[in-house]
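The chain contents come next:
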Amino acid sequence: MPDTAPAAPVSARRFTPEERDTIHEVIRSRRDVRDEFRPDPIPDDVLWRILDAAHHAPSVGFMQPWNFILVRDIDRRRAVHRAFQAANAEAEAMFPEETRSTYRALKLEGILKAPLNIAVTCDRSRCGPVVLGRTHNPEMDLYSSVCAVQNLWLAARAEGVGVGWVSIYNEPDLRAILGVPDRVAIVAYLCVGFVDAFYAEPELALKGWRQRLPLDQLVMHEGWQEDG
Ligand SMILES: Cc1cc2c(cc1C)N(C[C@H](O)[C@H](O)[C@H](O)COP(=O)(O)O)c1[nH]c(=O)[nH]c(=O)c1N2
């Protein structure tokens, strides 16, 4: 046995300014897409690149707790859409009277319009009870699956594929429709399909719901600082 481990392969590649700018353009032009999906199916090679990007996300203890449930069947998507409608009616009633009509006018999902839906999950027991990095903060596996969602979202943007995250449902409804076991958390339900164009700004900002906060008001130094 050699007393030193073989050197791990490394990459010293630096990115050109143009490549760096492209990454930032992808990040900035990624949008949550609700209603603008084209019906044409996503070719397998495109879908695989998008899922492979998700699968290369960081994860606590390299746990890779995600699965990607591909939902194409229209009847199953109709069932998910019904779950959305029920939850959305409950959600609408929770907003103050004066914002309810604005809320009602927002399009908040593309479950039936997008040709593909993807549920991203987190198998909380994938590595047994003790996971490197998760011992004191058990929710870290969920955050790992969220990292996968973000990779998926950005890789999709680079392919001209829109993604819309739908979180308006009662979790037991979705769990039953997709047959997800209790040990597995449903982290995201995504509507996925090609689009002709992406909005330049978040739709919620364009429609007057809420604007982007100034970054310099969000950066703090050395500790938490309350406003004012
Ligand atoms: C965890 C989570 C959950 C949801 C969302 C996002 C995230 C991160 N978003 C999308 C959200 O509204 C959107 O990201 C912001 O408005 C910012 O717009 P862009 O994503 O930059 O286009 C979202 N949008 C929507 O129409 N219906 C929804 O149920 C949800 N749910």
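Procedures and definitions
Residues numbered from 1 in each chain as written. Predicted model: local features only at pLDDT ≥ 70, side-chain atom pairs only at ≥ 80, totals over all residues. Heavy atoms only, no water. Helix = DSSP H or I, 4+ residues; strand = E, 2+ residues; numbered from the N terminus. Buried < 20%, exposed > 50% of the residue type's maximum accessible area, 1.4 Å probe, protein only. Contact = heavy atoms within 4.5 Å. Areas by Shrake-Rupley, 256 points an atom, 1.4 Å probe, with all protein chains shown as cover. Lys, Arg positive; Asp, Glu negative; His and termini not counted. Charge placed at Lys NZ, Arg CZ, Asp CG, Glu CD. pLDDT = per-residue confidence, 0-100. Near = heavy atom within 4 Å. Polar contact = N/O pair within 3.5 Å; in protein donor to acceptor, adjacent residues only side chain to side chain. Nonpolar A, V, L, I, M, F, W, Y, C, P; charged D, E, K, R; others polar.

A. How the structure looks around the overall build of the protein chain. Looking only at helices and strands, the protein chain has seven helices and four strands in total. Beginning at the N terminus, the succession of helices and strands in the protein chain can be written as α-α-β-α-α-β-α-β-α-β-α. Referenced to the eigenvectors of the C-alpha coordinate spread, the extents of the protein chain come out at roughly 70 × 45 × 40 Å. Across the 228 residues of the protein chain, 37% fall into the buried class. Looking at the protein chain alone, contacts between residues at least 24 apart form 81% of all its contacts between residues at least 6 apart. Total accessible area on the protein chain is roughly 14,400 Å²; 57% of this is exposed by carbon and sulfur atoms. Positive and negative side-chain charges in the protein chain, numbering 27 and 33 respectively, have mean positions lying 3 Å apart.

B. Highlighting the confidence of the model for the protein chain. Per-chain confidence: the protein chain averages 95 in pLDDT, with 98% of residues scoring 70 or above. Here the prediction assigns the complex a pTM of 0.96, and the interface score ipTM is 0.99.

C. Quick peek at the site of the ligand. Neighbouring the ligand are R30, R31, D32, R34, L108, W165, V166, S167, I168, P202 and L204. Between the ligand and R31, the relevant distance is 2.8 Å, taken from an oxygen atom to a side-chain nitrogen or oxygen of the residue. For the ligand, a nitrogen atom lies 2.8 Å from a polar atom in the side chain of S167. Starting from 610 Å² of accessible surface for the ligand in isolation, the protein chains cover 72%. When the residues that make up the shell around the ligand are grouped by side-chain class, the tally is six nonpolar, one polar and four charged.

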